[in-house]
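# Structural description and commentary
Listed below are the residues making up each chain.
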Amino acid sequence: MTDELSSFPGGLILDGQKKRSTQTEIRKTPLSKKLTLPLQQHIGTPSAPIVKVGDKVLKGQKIARADGHLSVYLHAPSSGTVIAIDDQAIPHPSGLSGLCITIETDGKDTWIERQPIEDFTTLTEHEVRQLLREAGIVGLGGAGFPSFIKLNPGVHHAVETLIINGVECEPYITCDDMIMRERANGILDGIQIMKYALRVKRCVIVIEDNKPEAISIMKQALEERKECHHLKETQVVVIPTRYPTGSEKQLIQVVTGKQVPGNGIPIEIGIVCHNVGTTYAIGRAIKYGEPLISRIVTVTGTDVKHAGNFETLFGTPMHELLAFCDTHREQGEPFILGGPMMGYNLSGDHLPVTKTANCILVGVDNAAPDSTPLPCIRCGECATACPVSLLPQQLYWFSRAKDLEKTREYNLFDCIECGCCSYVCPSKIPLVHYFRFAKTETMNQEQEHQKADIARQRHENRLTRHELEKREKEERQRQRKAALAATKAAKEKEALSQTDNQEN
Ligand code: SF4
Ligand code: SF4
């Protein structure tokens, strides 16, 4: 790792619009009467229910287990009764529904018995990861990747640097900024545990220079704990504000000067990256035995009267959170989940807050507008803005023409969907929408190909089996006939020898 900061191509300097939601401290969202918990709140296989309708549950109790390797546990965010396990509307751009567990809360918010671990060094690294999996910890920066997997470098990789991502480069979103300002020591608790689990010496907490309060508080907290063995070689690194530096690969490039290979992952170059909110959750899970049952959600935008950051239990209906912030919004009116650049429009009124819901924006336009676009004028602005050095104009033509082969050739899957190209396009072409569509189409096609391959393989296996059975049958018939012929010949021989004996 170099001490000098590096850079990446393209990117944008955006108006942060962050002040609106940082004027008050983090507040708690009131307990909802009903919490709806999708079983798929992370990347990987959905969790599998371990409760049934009618069961009483306590706050923090496991209600669904990890199903397969890429999966985590899910917990009751409050005490109450399971009243349904069925398909419900979930926050997804396509308006999908998904299997959910619904809990009617009893208002008592009674915790299950927690098992805090005072000294994490009494655990093995494997035990730390297992506890984090059981605590349901996933990346809270928006991706939702199970954290225990990122804390397992495997035998073939040594981790050189742990990067704690406090960049939060999208406009409006401030949940990471506020957690650094108010819970710096909790973040340091998480860093200690992660450094231990990864056996890594060096850790950098990276913050953009538009968050002076967070920078100063994190530095001070580190200074106060500088004697702590597990925080040695940990430092705050301040970087210039530029979108999309918070994106993992761009951040790594800025901080280390290294590039993660196209289809690769950071561990391949000795880096592991975790978001500050995730880091805090890891600290709580081990030190206090608290599973992941809530997160901080930024609620802001021109139509939100009391914008701010809200500690919200998972499953809380978003419209209740919006009402709590005194939001001017008609029933069914769309809002953005996530930031204006990478977020997506939703319009449902009973969608639950999930592990990846970092921000709700009301009264803010999306970077990829829905208005009718003008024709492409081949200005090249999109290519200049692209932080991955792609050619968005060409990708747009191929995506429109559904020439998926060509989109692959032009590295569509390197696109991080940052929205920079859509943002700068003078013709207001929602480029990133086309890219998402082309990716989905490609993945669907691949699935179809895989299904067709499997079906063909099955058909071929069946033909081979039939052929084999036919040959076996023929062989059995041949053997039976031979046996019959042999018996007949033996009998004839015996009859002949008896006749011979009589004549003699
Ligand atoms: S920015 Fe828009 S108009 Fe310009 S080349 Fe790209 S797609 Fe075409
Ligand atoms: S959305 Fe994709 S193509 Fe457009 S600027 Fe971002 S990375 Fe480049």
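Residues numbered from 1 in each chain as written. Chains lettered and ligands numbered in written order. Predicted model: local features only at pLDDT ≥ 70, side-chain atom pairs only at ≥ 80, totals over all residues.

## Description of the overall build of the chain
A count of helical and extended segments in the chain gives 13 helices and 17 strands. For the chain, whose C-alpha radius of gyration is 30 Å, the value lies well above the compact-globule estimate of 23 Å for 504 residues. The principal-axis extent of the C-alpha atoms belonging to the chain is close to 125 × 65 × 50 Å. Per-residue burial over the chain gives 43% buried out of 504 residues. (Helix = DSSP H or I, 4+ residues; strand = E, 2+ residues; numbered from the N terminus. Rg over C-alpha atoms; globule rule 2.2 N^0.38 Å. Buried ≥ 20, exposed ≤ 12 C-beta atoms within 10 Å, placed from the backbone.)

## Overview of the pairing of strand β5 (residues 62-65)
Summarising the sheet, strand β3 (residues 48-49) and β5 pair through 2 bridges and their orientation is antiparallel. Across the sheet, Ala 48 pairs through a bridge with Arg 65, a residue of β5. Sheet analysis places β5 next to strand β6 (residues 74-75), joined by 2 bridges and oriented antiparallel. Bridge pairing in β6 links Ala 64 to Leu 74. (Pairing = 2+ DSSP bridges.)

## What about the domain arrangement of the chain?
Interface size is often expressed as the accessible area that is lost when the parts come together. What the domain assignment lists for the chain is domain 1 (19-313) and domain 2 (367-504). Distance between the C-alpha centres of domain 1 and domain 2: 37 Å. Residue-level contacts link 4 residues of domain 1 with 5 residues of domain 2. For the side of domain 1 that touches domain 2, the per-class residue count stands at 1 nonpolar, 3 polar and no charged. (Domains from an automatic or database assignment. Contact = placed C-beta atoms within 7 Å. Nonpolar A, V, L, I, M, F, W, Y, C, P; charged D, E, K, R; others polar.)

## Describing the sheet that holds β3
Ordered in space as β3-β5-β6, the 3 strands form an open sheet in which the pairing is antiparallel. Both outer strands of the open sheet, β3 and β6, are each paired with one neighbouring strand and no more.

## What to know about the sheet that holds strand β1 (residues 27-28)
Two strands in a sheet stick together by hydrogen bonds in their backbones, pointing the same way (parallel) or opposite ways (antiparallel). Taken together, 6 strands build an open sheet; the order of strands is β1-β14-β13-β17-β15-β16 and the sheet is mixed. Each edge of the open sheet is held by one strand with a lone partner, namely β1 and β16 (344-346). Pairing of β1 with strand β14 (residues 308-313) involves 2 bridges; the strand directions are parallel. Bridge pairing in β14 links Lys 28 to Glu 311.

## Focus: the site of ligand 1
The full set close to ligand 1 counts 14 residues, and Cys 376, Cys 379, Glu 381, Cys 382 and Cys 425 are the nearest of them. Elements supplying a minimum of two residues to the shell around ligand 1: α9 (381-385) and α10 (392-400). Per-element tally for the shell around ligand 1: the top contributor is α10, with 3 residues. Its residues assigned to classes, the shell around ligand 1 comprises 9 nonpolar, 3 polar and 2 charged. (Near = placed C-beta within 6 Å.)

## Here we look at unusual backbone geometry
Looking along the chain, the bond that leaves Tyr 243 and enters Pro 244 is cis, with omega of 0 degrees. Position of Pro 244 relative to the elements: it lies in the loop between β11 (234-239) and α6 (248-256). At Glu 168, a position not held by glycine, the phi torsion is positive, near 45 degrees. In this fold, Glu 168 is placed in the loop between β9 (161-166) and α3 (175-182). For Glu 168, a count of 33 C-beta atoms within 10 Å translates into the label buried.

## A few points about the nonpolar core
If you look at the biggest cluster of nonpolar residues, it comprises 117 residues, and the most contacted ones within it are Val 297 and Ile 360. Among the elements that make up this core, the one with the highest residue count is helix α4 (residues 184-198) (8 residues). Domain assignment of the residues forming this core places at least three in each of domain 1 (19-313) and domain 2 (367-504). Non-local contacts of Ile 360, meaning those with residues more than four positions away in its chain, are made with Val 297, Val 299, Met 318, Leu 321, Leu 322, Phe 335 and Leu 337. (Core = buried A, V, L, I, M, F, W, Y, C linked by C-beta atoms within 7 Å.)

## Re the site of ligand 2
Close to ligand 2 lie 16 residues, the nearest being Cys 386, Cys 415, Cys 418, Cys 420 and Cys 421. Those elements that provide at least two residues to the shell around ligand 2 are α12 (420-424) and α13 (431-503). At 3 residues, the largest contribution of residues to the shell around ligand 2 is made by α13. Split into classes, the residues belonging to the shell around ligand 2 amount to 14 nonpolar, 1 polar and 1 charged.

## Remarks on α10
Among all positions of α10, only Pro 392, Gln 393, Leu 395, Tyr 396, Phe 398 and Ser 399 are buried. Just past α10, the residue Lys 402 takes up positive phi, approximately 55 degrees.

## Description of the packing of helix α1 (residues 125-134) against helix α7 (residues 276-287)
As a packed pair, α1 and α7 sit with axes 10 Å apart at the nearest point and diverge in direction by 105 degrees. When the axes of α1 and α7 are compared, the pair comes out roughly perpendicular. Residue-level contacts link Val 128, Leu 131 and Leu 132 of α1 to Ile 282, Ala 285 and Ile 286 of α7. Grouping the amino acids of the contact of α1 with α7 by side-chain chemistry returns 6 nonpolar, no polar and no charged. (Axes fitted to C-alpha atoms, helices over the stretch in contact; angles between N-to-C directions. Parallel < 35°, antiparallel > 145°, perpendicular 65-115°, else oblique.)

## Some thoughts on the packing of α1 against α4
Taken N-terminus to C-terminus, the directions of α1 and α4 make an angle of 130 degrees; their axes are 8 Å apart at the nearest point. When the interaxial angle is binned, α1 and α4 end up oblique. Here α1 runs over α4; the crossing is left-handed. Contacts between α1 and α4 involve Glu 125, Val 128 and Arg 129 on the former and, on the latter, Ile 193, Tyr 196 and Ala 197. Here the residues of the contact of α1 with α4 are counted per class, giving 4 nonpolar, no polar and 2 charged. (Left-handed = near helix turned anticlockwise from the far one by under 90°.)

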